[in-house]
Amino acid sequence: MTSYVFPPPQTPSLPVVGSEARFPVRRIFCVGRNYADHAREMGHDPDREPPFFFDKPADALVIGEAAIPYPPLTAKLEHEAELVACLGAGGRDIPVDRALDLVWGYAIGNDLTRRDVQAQAKKLGRPWSLAKGFDASAVCGPVHPLSATGHPASGRIALSVNGATRQEGDLAQMIWSLAEVISILSREILLCPGDLIYTGTPAGVGPLQPGDRIRIEIAGLGHLENTVA
Ligand code: MN
C-alpha cells in the first residue's frame, strides 16, 4: 500500500439519479461559444469556427443544489446554463459515429465565469484559468443515466434568476453536436471515464449577485436550483 506524506484528496463525485452509487469525476472540459446567438453576444462570428476548449479542476464542482459562494476578485460573476455529458468510457481519435458510445449519462450544469477576469485575460492574451476554473466554478446536478434519458439532441434549455428568464434556447442550436465535440476533443487528448464535458451555453449570460436564486431547466433532465451565497 502506498504511503503518502499527507492524506491524498478524495475523488470528486456526483450523485446518480436512481442509484446509491456515485459518478466519479476525473476532469472537466468546457466548449466555448457553441451556440450561435451566444457567440454573437460575445462579439464573435458564429460561422462554425472550430470548437475550442478550456477546463476546470474536478474539485471546483458545486454538487447539486449546494450554495454557490460568491468568488473573490471579481465584480462580474456570470451564469452559463449548459448540458453536461458525463463520460463512462474513454479513448482517442474517436470517430463521430461512435462518439456518443462514450457517454454514461447527462446532467444540468452552470459554467460560472468571472467575466471581468476573462475580459482582462482576453485583452492581454493570457489564459482563462482563473476566470473559468476558480473554486466552486463548476455547478453540476445529479447524473441521469443514459438509460433514463437517451441522448438529448434537442429540447429546451433555460435559466432564470429570481424567477426572471435570462437564457432560453434549444439543445438543437449547438453549432457543434456533442458527438462532434467528443470526436474533436479526442484528437487533442485521451478521453477517460469520469471526464465531464460542458457543451456550451445559449445567449443571455448575465451577472449574479449574492442572494440570487438560479434555476436551470433542460428538457428530460428536470431542473437544478442554486442560491448565490
Ligand atoms: Mn460555457
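Before any of the text, the structure's been laid out above.
Residues numbered from 1 in each chain as written. Predicted model: local features only at pLDDT ≥ 70, side-chain atom pairs only at ≥ 80, totals over all residues. Heavy atoms only, no water.

Chemist: Quick rundown of the coordination of the manganese ion? Include the residues and the values.
Modeler: The coordination sphere of the manganese ion contains the protein donors Glu80 (OE), Glu82 (OE) and Asp111 (OD), at a distance range of 2.0 to 2.1 Å. Linear spacing of the donor residues for the manganese ion on their chain is E-x1-E-x28-D. With Glu80 in the loop between strand 6 (77-79) and strand 7 (81-87) and Asp111 in strand 8 (residues 103-111), this residue pair connects regions lying 31 residues apart in the sequence. Comparing Glu80 with Asp111 shows no difference in burial state: the two are buried. (Donors = N, O, S within 2.8 Å, 3.2 Å for Na, K, Ca; no water. Helix = DSSP H or I, 4+ residues; strand = E, 2+ residues; numbered from the N terminus. Buried < 20%, exposed > 50% of the residue type's maximum accessible area, 1.4 Å probe, protein only.)

Chemist: Tell me about helix 3 (residues 115-124), and please be specific about residues and values.
Modeler: When helix 3 is considered as a whole, its buried residues turn out to be Arg115, Gln118 and Ala121. One side of helix 3 carries all its buried residues, which in axial view fall inside an arc of 120 degrees. Residues of helix 3 that are buried in the fold lie against strand 6, strand 9 (113-114) and helix 4 (129-132). In the segment just after helix 3, Gly125 is the residue with positive phi, at about 65 degrees. (Arc of directions from axis to C-beta. Contact = heavy atoms within 4.5 Å.)

Chemist: I'd like to hear about helix 6 (residues 178-188), residue by residue, with values.
Modeler: Of all eleven residues in helix 6, eight are buried; the element is thus mostly enclosed. On its buried face, helix 6 is in contact with strand 3 (28-31), strand 4 (53-56), strand 7, helix 2 (96-99), strand 8 and strand 14 (196-198).

Interpretation note: all reported values are geometric properties and have no functional meaning in isolation.
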